[in-house]
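Structure at a glance
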Amino acid sequence: MNTILRETGTIKAVRIHSFGGPEALCLEDVAAPEPGPNEVLVRVHAAGVNPFDWKVREGECGPLPLPRTLGCDFSGAVEALGEGVTDFYVGQPVFGHCASGGAFAELIAVPVANLAPKPSAMDDIHAAATPLCGLTAWQALFDLAEIRPGQKILIHGGAGGVGSFAVQLALRQGAWVIATASTRNLYFLRLLGAKQVIDHTTTRFEDVVKGVDMVLDLIGGETQDRSWKVLKLGGRLVSTVSEPSQHKALICGVRARKVQARTSADQLMLLGDLIANGEINVMVEKILPLFHAPEALEMSRCGHVRGKIVLTIDQR
Ligand SMILES: NC(=O)c1ccc[n+]([C@@H]2O[C@H](COP(=O)([O-])OP(=O)(O)OC[C@H]3O[C@@H](n4cnc5c(N)ncnc54)[C@H](OP(=O)(O)O)[C@@H]3O)[C@@H](O)[C@H]2O)c1
């Protein structure tokens, strides 16, 4: 796909005009965004796919204004600076997160607080795969649960986007990590370093795990319901999916919260350094061109991605 920005002032973008299934996605020419004050215009090289993208497409994230360009994670290079921006330079490699969308496009305009310099040792694919999942794992483990060395952590959905970051970050903190996945991903969890792996298709985790300090629930529903009994008194349950019952938390003597990931340039920089130093590996299962966005979102929607899916955007 070639950009036609120079000729017409438009760019290619994957957008929705109404909520729905894969048929709601359109690859179309739209006016190129312009950076406002304290914003940076980024030429997108790669965009990470998250469950959030198909949830937005289906209208699960509320009545957002339409039309909307999907995609919230990106990596690329600074194309232009808005008024007042002094911390970045044109041509600088950057990566970032923008919850309001716009990353499935050739250009995105984002506030400076939403992006960080991309270390040269991290390529665009792995940088684009990092922001939302890395930030969510970081904020759940460190900001909400405040995990400490030696603690026992159970991660439901350890093989997915958030899970693969969480397993590695918790291990790096010195925690004893137990993670669940289906049969095909057990070896992958072992490679990530999990000390105990549980096949959720054959084993009920509560039959083999007890006394954990923290449950990171990336699945919700009955998985969350069955998690209360494995927590020790004073433990923490953090879910990315649904608000845990405060009534049940009180009865079990634990604390429970839903994490709502927020953009943090500082945490993006810390994650970038860990990745560049080889302390954390970013797992990418599939790389597809931008025009395969419908297929990428359907893969994500199936709920069995190993690590991440990333879309690439052709450069001029
Ligand atoms: N609140 C927030 O700010 C926030 C931020 C990020 C993500 N989220 C949400 O958090 C959830 C996880 O996100 P993600 O990016 O990690 O999703 P993902 O990449 O799609 O990962 C899903 C993983 O879950 C595993 N899985 C599916 N069913 C399972 C089960 N019953 N037990 C254990 N594992 C199971 C799958 O592995 P197998 O195929 O091996 O089962 C897959 O690897 C999504 O619902 C997402 O929308 C919320």
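Since the structure is predicted, the reported quantities are computational estimates derived from the model, not experimental observations. (Residues numbered from 1 in each chain as written. Predicted model: local features only at pLDDT ≥ 70, side-chain atom pairs only at ≥ 80, totals over all residues. Heavy atoms only, no water.)

Let us look at the pairing of strand S11 (residues 196-199). Of the pairings in the sheet, the one linking strand S10 (residues 176-181) to S11 comprises four bridges and is parallel in character. Bridge pairing in S11 places threonine 180 opposite isoleucine 198. (Pairing = 2+ DSSP bridges. Helix = DSSP H or I, 4+ residues; strand = E, 2+ residues; numbered from the N terminus.)

Taken together, 25 residues surround the ligand, and among them Ser182, His200, Thr240, His304 and Val305 come closest. For the ligand, an oxygen atom lies 2.8 Å from a polar atom in the backbone of glycine 161. At 2.9 Å, a backbone N or O of valine 162 approaches an oxygen atom of the ligand. Coverage of the ligand by the protein amounts to 87% of the 940 Å² it exposes when considered alone. Counting only elements with at least two residues in the shell around the ligand, the list comes to helix H2 (51-57), helix H4 (131-144), helix H5 (161-172) and S10. Among the residues making up the shell around the ligand, the classes are represented as eleven nonpolar, 13 polar and one charged. Both of domain 1 (5-130 + 282-312) and domain 2 (133-258) provide at least three residues apiece to the shell around the ligand. (Near = heavy atom within 4 Å. Polar contact = N/O pair within 3.5 Å; in protein donor to acceptor, adjacent residues only side chain to side chain. Areas by Shrake-Rupley, 256 points an atom, 1.4 Å probe, with all protein chains shown as cover. Nonpolar A, V, L, I, M, F, W, Y, C, P; charged D, E, K, R; others polar. Domains from an automatic or database assignment.)

Orientation of H4 relative to H5, taken along the N-to-C sense of each, is 50°, at an axis distance of 8 Å. The orientation of H4 with respect to H5, classified from their angle, is oblique. As H4 packs across H5, the resulting crossing turns out to be right-handed. Every residue of H5 that contacts H4 at Cys133, Gly134, Thr136, Ala137, Trp138, Leu141 and Phe142 is listed here: Gly161, Val162, Phe165, Ala166, Leu169 and Ala170. By residue class, the composition of the contact of H4 with H5 is ten nonpolar, three polar and no charged. (Axes fitted to C-alpha atoms, helices over the stretch in contact; angles between N-to-C directions. Parallel < 35°, antiparallel > 145°, perpendicular 65-115°, else oblique. Left-handed = near helix turned anticlockwise from the far one by under 90°. Contact = heavy atoms within 4.5 Å.)

This part takes up the domain arrangement of the protein. Along its sequence, the protein is carved into domain 1 (5-130 + 282-312) and domain 2 (133-258). Inter-centroid distance (C-alpha atoms) of domain 1 to domain 2 is 29 Å. Each side of the interface is counted separately: domain 1 has twelve residues, and domain 2 has 13 residues. Carbon and sulfur atoms make up 53% of the area that domain 1 and domain 2 hide from each other, which totals about 970 Å². Considering only the side of domain 1, the residues that lose the most area to domain 2 are Thr130, Met283 and Arg306, jointly responsible for 49% of the buried surface there. At the boundary of domain 1 and domain 2, one finds one salt bridge. (Buried area = accessible area lost by both parts, 1.4 Å probe. Salt bridge = Lys/Arg side-chain N within 4 Å of Asp/Glu carboxyl O.)

Taken in spatial order, the three strands make up an open sheet running S2-S1-S4, and their pairing is antiparallel. The two strands at the open ends of the sheet, each matched to only one other strand, are strand S2 (25-31) and strand S4 (68-69). Strand direction decides the pairing type here: strand S1 (residues 10-16) and S2, joined by seven bridges, are antiparallel. Among the inter-strand pairings, lysine 12 is bridged to a residue of S2, identified as aspartate 29.

This paragraph deals with the sheet that holds S11. Hydrogen bonds between backbone atoms are what pair the strands of a sheet, whose relative direction is either parallel or antiparallel. A sheet is described by the order of its strands in space; here six strands give the open sequence S11-S10-S9-S12-S13-S14, paired in parallel fashion. Whereas interior strands pair on both sides, the edge strands pair on one side only; in this sheet they are S11 and strand S14 (255-258). Ignoring strand direction, the axes of neighbouring strands in this sheet form an average angle of 15°. Alignment of strand S9 (residues 152-156) against S10, held across five bridges, turns out to be parallel. Note on S10: the bridge partner recorded for histidine 156 is threonine 180. Sheet contacts for H5: S9, S10 and strand S12 (212-217); angle to S10, the most-contacted strand, approximately 165°.

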